[in-house]
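Below, each chain spelled out in residue letters.
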Amino acid sequence: MDQRLAELRDTAPAVPDRIPISLVVNGVEKRMEVAAWTTLLDLLRNTLDLPGTKKGCDHGQCGACTVLVDGRRINSCLTLAVMKDGCEVTTIEGLATGDVLHPMQQAFVDHDAYQCGYCTPGQICSAVGLISEGQARTREEIRDLMSGNICRCGAYPNIIAAIEGVLGGTAPAQAKEDPA
Amino acid sequence: MRAFSYSRAESVADALKGVVGHGETKVVAGGTNLLDLMKADVMRPTRLVDITRLPLNRIEETAEGGLRLGALVTNADTAHDERVRSRYPMLSRAILAGASAQLRNMATNGGNLLQRTRCYYFYDTGTPCNKREPGSGCGAIGGVNRIHAILGASEHCIATHPSDMCVALAALAAEIRVTGPRGERTIPFEAFHRLPGDAPQIDTNLAPDEIVTAIDLPARGFAAHSTYLKVRDRQSYAFALVSVAAALEIEDGKVTAARLALGGVAHKPWRDQAAEEALVGRPADAGSFAVAAEAVLRDARGFGHNDFKIDLARRAILRALQDAAASETP
Amino acid sequence: MIAKPAIPDVLREPGPGIGKPLSRVDGPLKVTGQARYAAEFNVPGLVHGYIVSSTITKGRITRIDTAAALRRPGVLHVFTHENRPHVAWFDRKWKDEDAPSGSPFRPLYDDRIVHAMQPVALVVAETFEAAREGARLVQVEYEAEPHETDLAARRHEAFTPGKEKGGFEPPPKPRGDPDRALAEAAVKVDVEYVQPTEHHNPMEMHGSTVVYNDDGTLTVHDKTQGAPNSHSWVCSVFGLSKSAVRVISPFVGGAFGSGLRPQHQLFMAVMAALQLKRSVRVELSRPQMFTFGHRPPTIQRVALGAAPDGTLQAMIHEAVQESSQFENYVEIVVNWSGQQYRCDNVRLDYKLARLDVFTPLDMRAPGAATGVPAIEMAMDELAHALRMDPVELRLRNYTDRDPNQDKPFSSKELRACFAQGAERFGWSRRNPQPRSMREGRQLIGWGVASGVWDAMQGQADARATLGIDGHLVVASATADIGTGTYTVMSQIAAGTLGLPIGNVTFKLGDSALPMAPIEGGSWTVSSVGSAVLAACERVRGRLYKLAAKMEGAPLGKAKPADMVLTDGHVALAADPARRVPIAEVMRSGGVLAIEEEARSVPYYVKRAQHTLATHSAVFAEVRVDEDLGTVQVSRIVSAVAAGRIINPKTAGSQVMGGVVMGIGMALEEETFMDHGLGRYMNHDLAEYHVPVNADIGSIDVIFVDEHDEVVNPLGAKGVGEIGIVGVPAAIANAVFHATGVRVRELPITLDKVLAGLSRRSAA
């Protein structure tokens, strides 16, 4: 191990390359130089001060970092920012229109589809991506296709209700509001 | 993650130039496995060549009546492609059984072939692992090995290959198209991944200066009678304990062709051609399937926590073959 | 600090809100990404710390070489035990509100290694990436010593702990002659249950951002279940005055107990900020989330003897549980059994075994989630042996007095939980025979279990400030870890002062606010809610006095006792049409704001005369694949009696979340220890399985009416823990009903089911 480390030290660059890129983040073009080793997630959270995108594991195992890149949901923690040069990125901060919540955001509020709120931005971005993918036809399919977003608080049934509400274009079921 | 230099390849030739002569260079596309391993300090490339802009992102018909899956087509686009869905439903199902929707939107077909084991010891640099640090020992032998191999393991490594897609590709007898400084070549799927032997640090027979350009699916897709069964610890977003790609052609109740490959049981997707051949000519029933299962697992060996996988694999093979026999074109 | 959340008009409640299913008031901030968590405060000049974890489990550090790390551009400093600043020496200085007896862990204190992945260095750099790389370059050499991490190996060297920790009650003295009664019982069960190590794994990893202010004071953004707890710990450990530090924690991304004690990232960030005079953030990695506390593994023997009619004649419940070498972590595991059932011959025993692990840490329903599943699985085994319905067996041995303490319950509607839960579930259609229901290759099983948790209360303060504009600000240093604290406290305040909920702002998570205890144990509504009620009642009292003195006597000669507050007005209780706007009352009294602070203390005397507890009855349906052994929970009905429910919507979510975690406990969650290395191996979210969306079927939560005048002035018991307690056993019992296989070792993974199925078919 030591020998390998020594070799590495000889060949490894002292600092990672800094590369100019341009990203459209929530509709605003951002030009900047980023270090090659900076993930899209860390760029959003630390550099662009958009911490709505969450770091839950940093290894693609929880989905909290889900954002939409060119309209598709991805894990921003496993994406180097430099590799998304020229892309459009939509984060949770970019979904609402002014003070009007995106229907999925509103549905999460109405259905209490969260508790601590930490997985919530990823859940919402994932749900928006799910709908645009158009592959989920049944409740079981929604459940499977939302399984890349872990919610430790266990809000899953309410998350499904929120998504079904938006898919069906229905208002939240009043029965849900007043159990027993 | 260690500091590295980054370049973007604009052509295949460009990419090869980047790769040649740089021992610590890795190509990156989806990044879902490589960046994960770099963060864990398991992989420490000093150079990354970004190949995402290469024109390897199409699914095309082949002259032989099959499909050519570009190395950079995402797993999601492959699984949802109408041609793949209708002609290779087993492959589509296998892909959709893996990872999560987000990861499948990122992960590429080429990367899926090259993903590395999920062995706990491989990932934890505070423990011994011959795959990560040759000669340091295998922590999983005598350690926590619930998810480890029961077939083809060695005293140096009992890790498994984590892919679902590759299990279906093995059963379909796909071919891997690669290119390098010595030109293009085609590797039969069986010959692509390696068993650990005494060099578990080497996962595949892809040369360090070669890149994968496409996966060729043969015309025969077993669309009528095939399935992918994945058995895991939760309903979704978990690696297989055991998975089975099973495909049959059946005439008058008799098996005329069979394919059988397992995931989660070995260092590579485990296809057993002897067991396949043994099925041919026999009735497509539980009795024949049980014989095939026994044949596959004849040399299976557990390491303690994973002993259950032998029985589980037997049950899963039986179930998958029954499901395949019963299935019809989706 | 906390912006007033914008509440959409449609959700605005018209009047007093207690008992209403109000949407979370902090919801809009959460769904728009505006809610900031501890590691999300970006300040100019912020630097980043990354922790180096030990590779050995026990021994000492012989050498640390930081040169390679320090050579990397961007790396500012590497802290180790060799160069750390002076910190407190006495153990008591390191104690926090949730510390058990013993000697708390001190990061970077000396060269000793006492558990795997112990923090041994902190690399601080200008960027997160540089700090992470620097951490990989720190070379540490060790001298390892033999360790033991296997509870089974130490179970016979276990010792009986004393009262090691606040809230812990050692088991009661034995009653009758349980061994003899067991030997003589007509029907008996005598079995052992094993539960594994579990980790909290909140979605937000533990992080602290310490802002170094110009005047040298610190503003600490910490992930904690108690800002005051982190505050006093930091001041004590670093010898700082109370005014030099402020801890803020407005949002917490889940905790489930992980934030009950200040964790080492807080120490690291504060240390670095003080030394470097820079603002510092330290965030743990997901593997490092497995290094500071866990639900301890436990081995339990439960022996039950009964008469043929099901009457319990003997009960023995013995538990051996893991603790560390340096602290005596304790939780109430076995006492519940003696409290839940009437039985004359009882022995409850609880022991600890010392192992080379970090000290365990309270995790959702600590103790109850371990002990209750054991007794509730044993009761199911007994019901099967008796050929009796498991609900009927529980009702046969039902008790309205707590046999452990020989006291009445302040309220106990468990009977109603069974009745309403069974009705909703369709329990009466159950065929008692195992393996009697199937659909294709799926065996279907129905199981039941009960749950119990304490209804605790602590002392808490709250301040209420009513402005002449009709806006009320209420504050207490409590936390909202997803529990709905913002919402329910706003409801209590709005209800008390007759204000629309939109007029109320609740502030929490700030050590500068009136004192509140750590948020845990389901006691926040009880403790802080009572303080909010008291503070608002004082404001109300002052309004009434002002109204009585108003010029022109718009309310006649009404005394405060004749008044009510409704819809922003002081009104006559007897004639609500006669009313005066609050603003007018205040203007006439010459006040622009009314501010009152109140402390609520439990009803000590009344409480001491009773046992106070929440109860539940949980019904589960599972589908087991007979070929593959996989288990899916298709349905859960959880009927809960927890006194008054302030907000059925958020409380329903909390119970639902407890059910989901209970499903994880039953089927998935286990941290695997490599005993050779003494190290947890599946320390990430790919291999430590918690439930995902596809694992969860229908969950139906029922709140049973329960009236309680002892618990606190609100009559509310809290629901944070009760949701999980009955779930693992209900599922395990359903698996038995489906398959005829009893799995006594959680989680019930497919390998254990298959082994049972194979044994069955061999027999």
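What counts, and at which threshold
Residues numbered from 1 in each chain as written. Chains lettered and ligands numbered in written order. Predicted model: local features only at pLDDT ≥ 70, side-chain atom pairs only at ≥ 80, totals over all residues. Heavy atoms only, no water. Helix = DSSP H or I, 4+ residues; strand = E, 2+ residues; numbered from the N terminus. Rg over C-alpha atoms; globule rule 2.2 N^0.38 Å. Buried < 20%, exposed > 50% of the residue type's maximum accessible area, 1.4 Å probe, protein only. Contact = heavy atoms within 4.5 Å. Areas by Shrake-Rupley, 256 points an atom, 1.4 Å probe, with all protein chains shown as cover. Axes fitted to C-alpha atoms, helices over the stretch in contact; angles between N-to-C directions. Parallel < 35°, antiparallel > 145°, perpendicular 65-115°, else oblique. Nonpolar A, V, L, I, M, F, W, Y, C, P; charged D, E, K, R; others polar. Pairing = 2+ DSSP bridges. Domains from an automatic or database assignment. Buried area = accessible area lost by both parts, 1.4 Å probe. Salt bridge = Lys/Arg side-chain N within 4 Å of Asp/Glu carboxyl O. Polar contact = N/O pair within 3.5 Å; in protein donor to acceptor, adjacent residues only side chain to side chain.

## Notes on the overall build of chain B
Then, number 1: Looking only at helices and strands, chain B has 13 helices and twelve strands in total.
Then, number 2: At 19 Å, chain B has a C-alpha radius of gyration in line with the 20 Å of a compact globule built from 330 residues.
Then, number 3: Here chain B, with 330 residues, has 65% of them falling under the buried criterion.
Then, number 4: The long-range share in chain B, meaning contacts at least 24 apart out of those at least 6 apart in sequence, stands at 65%.
Then, number 5: Of the roughly 10,900 Å² of accessible surface on chain B, 49% is carried by carbon and sulfur atoms.

## Regarding the packing of helix α13 (residues 308–326) of chain B against helix α19 (residues 750–762) of chain C
The relative placement of two packed helices comes down to the angle between their axes together with the axis-to-axis distance.
Then, number 1: Between α13 of chain B and α19 of chain C, the shortest axis-to-axis distance is 10 Å and the interhelical angle comes to 80°. Relative to α19 of chain C, the element α13 of chain B lies roughly perpendicular. Packed against α13 of chain B, whose contacting residues are Phe308, Asp311, Leu312 and Arg315 of chain B, the element α19 of chain C presents Leu750, Asp751, Leu754 and Ser758 of chain C at the interface.
Then, number 2: For the contact of α13 of chain B with α19 of chain C, a count of residues per class yields four nonpolar, one polar and three charged.

## Some remarks on the sheet that holds strand β3 (residues 47–50) of chain B
Picture the strands of a sheet paired through backbone hydrogen bonds; they go either parallel or antiparallel.
All names here are of chain B.
Then, number 1: Judged by pairing direction, the sheet is parallel, and its three strands sit side by side in the order β1-β3-β2 without closing on themselves. Of all the strands in the sheet, just β1 (5–8) and β2 (25–28) have a single pairing partner and so form its edges. Averaged over all pairs of adjacent strands, the angle between their axes in this sheet comes to 25°, without regard to strand direction.
Then, number 2: Sheet analysis places β1 next to β3, joined by four bridges and oriented parallel. Note that in β3 the partner of Tyr6 across the bridge is Leu48.

## Things to note about the domain arrangement of chain A
Residue and element names in this part refer to chain A.
Then, number 1: Taken domain by domain, chain A comprises domain 1 (17–94) and domain 2 (103–175).
Then, number 2: Approximately 1,200 Å² of surface area, both sides summed, lies buried where domain 1 meets domain 2, with 54% of it carried by carbon and sulfur atoms.
Then, number 3: On inspection of domain 1 and its partner domain 2, the count reaches one salt bridge.
Then, number 4: The interface formed by domain 1 and domain 2 holds eight residue pairs in polar contact (both at pLDDT 80 or more) in total.
Then, number 5: Among the elements that line the side of domain 1 that touches domain 2, the one with the most residues is strand β3 (residues 66–69), at three residues.
Then, number 6: Looking at side-chain class alone, the side of domain 1 that touches domain 2 contains five nonpolar, eight polar and four charged residues.

## Observations concerning the interface of chain C and chain A
Then, number 1: Between chain C and chain A, the residue contacts involve 72 residues of the former and 58 residues of the latter.
Then, number 2: Of all residues in chain C, Val31, Met203 and Asn693 of chain C give up the largest surface area on contact with chain A, accounting jointly for 15% of the area buried on that side.
Then, number 3: Put simply, chain C and chain A have six salt bridges between them.
Then, number 4: Notably, a salt bridge pairs Arg132 of chain C with Asp58 of chain A, separated by 3.8 Å at the nearest N-O pair.
Then, number 5: Joining chain C to chain A, the criterion identifies 25 residue pairs in polar contact (both at pLDDT 80 or more).
Then, number 6: Among the elements that take part in the side of chain C that touches chain A, helix α16 (residues 648–667) of chain C stands out by supplying nine residues, more than any other.

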